[in-house]
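Residue-level structure breakdown
The lines below spell out each chain.
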Amino acid sequence: SDAAPTGGPPPDTLPGWASWRLFLLVWIPIALIGALHYGTGSHHHWIHDILRRMYYLPIVLAAFQRGLAGGLISALVVSITYAPHAFLLHQHHDPAPPVEKALELVLYHAVGAVAGWLADQERRRRSELRTALEEQRRLQRQLVRAGRLSALGEVVAGIAHEIKNPLHALRGTAEVVDPLIPAEAEERRLWERHVEELERLSRVADRFLGFARPQPLASGPLDLRDVVSRL
């Protein structure tokens, strides 16, 4: 999950340069390599060569964690740590030629810059990919919803047709029976209510069909007093 744990944001998103990952992967290794480098005698050439090149590891890890800024800042810290050992000390100094040591300092910054730039590019691509995936999921949800609405429309259309078929028969029968009931008969009021309900049922079926096959809405005046009286 991308959610932050209880008590604060994920460690790799902590602001500043004091997250535990940077301490574990960058600052502590730089300090350990520097301590080993300063404590190794000048006659151990091969150990100095190994330690000098081990500085690249925390530089690259810092670039992966913090991008271009992380790569350059870690390279600067390594240079500040290594420069006195390379050029100022007379005992336990790095016995490599000065040109080689100076080139190593330049390479620290070059590697940090390139690795940081690549990390930033990768982070930007991942952000764009995440945005594209979210958009794809949103479109997928819309398609699923549209499919469900389409299926519901087909069901409603089928039900409406099943209602209208017997409704036509009932309305035809009502037209035949209507002249047979005198206007002054007590049953006339009930018969008119029966015809009104048939008409209302027909309008309901039409609305169902309109939901299945949307049609342009037709607006017109409505007497609310008539609606209230029917209710």
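Here, the structure is the one placed above.
Residues numbered from 1 in each chain as written. Predicted model: local features only at pLDDT ≥ 70, side-chain atom pairs only at ≥ 80, totals over all residues. Heavy atoms only, no water.

**Overview of the overall build of the protein**
Of regular secondary structure, the protein possesses 6 helices and 0 strands. Out of the 231 residues in the protein, the part that is buried amounts to 23%. Once local pairs closer than 6 in sequence are excluded, the contacts in the protein between residues at least 24 apart make up 70%. In the structure as shown, the protein presents an accessible area of about 16200 Å², 65% of it carried by carbon and sulfur atoms. (Helix = DSSP H or I, 4+ residues; strand = E, 2+ residues; numbered from the N terminus. Buried < 20%, exposed > 50% of the residue type's maximum accessible area, 1.4 Å probe, protein only. Contact = heavy atoms within 4.5 Å. Areas by Shrake-Rupley, 256 points an atom, 1.4 Å probe, with all protein chains shown as cover.)

**Considerations on the packing of helix α1 (residues 20-39) against helix α3 (residues 56-88)**
Where α1 meets α3, the closest approach of the two axes is 11 Å, and the angle between their N-to-C directions is 20°. On the basis of the axis angle, α1 is roughly parallel to α3. In the packing of α1 onto α3, the handedness of the crossing is right-handed. (Axes fitted to C-alpha atoms, helices over the stretch in contact; angles between N-to-C directions. Parallel < 35°, antiparallel > 145°, perpendicular 65-115°, else oblique. Left-handed = near helix turned anticlockwise from the far one by under 90°.)

**Some details on the nonpolar core**
Of all hydrophobic cores here, the largest spans 16 residues; its most connected members are V26, I30, Y55, V78, Y82 and Y108. Mapped onto this core, the elements with two or more residues apiece are α1, α3 and α4 (98-177). Per element, the largest residue contribution to this core is 7 residues, and it comes from α3. Residues contacting Y108, with those up to four places away along its chain left out, are R52, Y55, Y56, I59, A75, V78, S79 and Y82. (Core = buried A, V, L, I, M, F, W, Y, C linked by side-chain atoms within 4.5 Å.)

**Focus on the layout of surface pockets**
Roughly 260 Å³ of volume is contained in the second largest pocket. In this structure, the second largest pocket is lined by R193, E196, E197, E199, R200, R203, V227, S229, R230 and L231. Where the lining of the second largest pocket is concerned, the elements lending two or more residues are α5 (187-212) and α6 (224-230). In terms of residue count, the dominant contributor to the lining of the second largest pocket is α5 (6 residues). (1 Å grid on protein atoms, 1.4 Å probe; cavity = no way out; pocket = protein on both sides within 12 Å on 5 of 7 lines; lining within 4 Å. Points joined across faces, edges and corners; volume = space filled by probe spheres on them.)

**Some thoughts on a nonpolar patch on the surface**
Residues L68, L72, V114, W117 and L118 make up a contiguous nonpolar surface patch of about 450 Å² in total accessible area. Mapping W117 onto the fold places it in helix α4. (Patch = residues over 30% accessible without salt bridge, like charges linked within 9 Å, V, L, I, M, F, W, Y side chains within 5 Å. Salt bridge = Lys/Arg side-chain N within 4 Å of Asp/Glu carboxyl O.)

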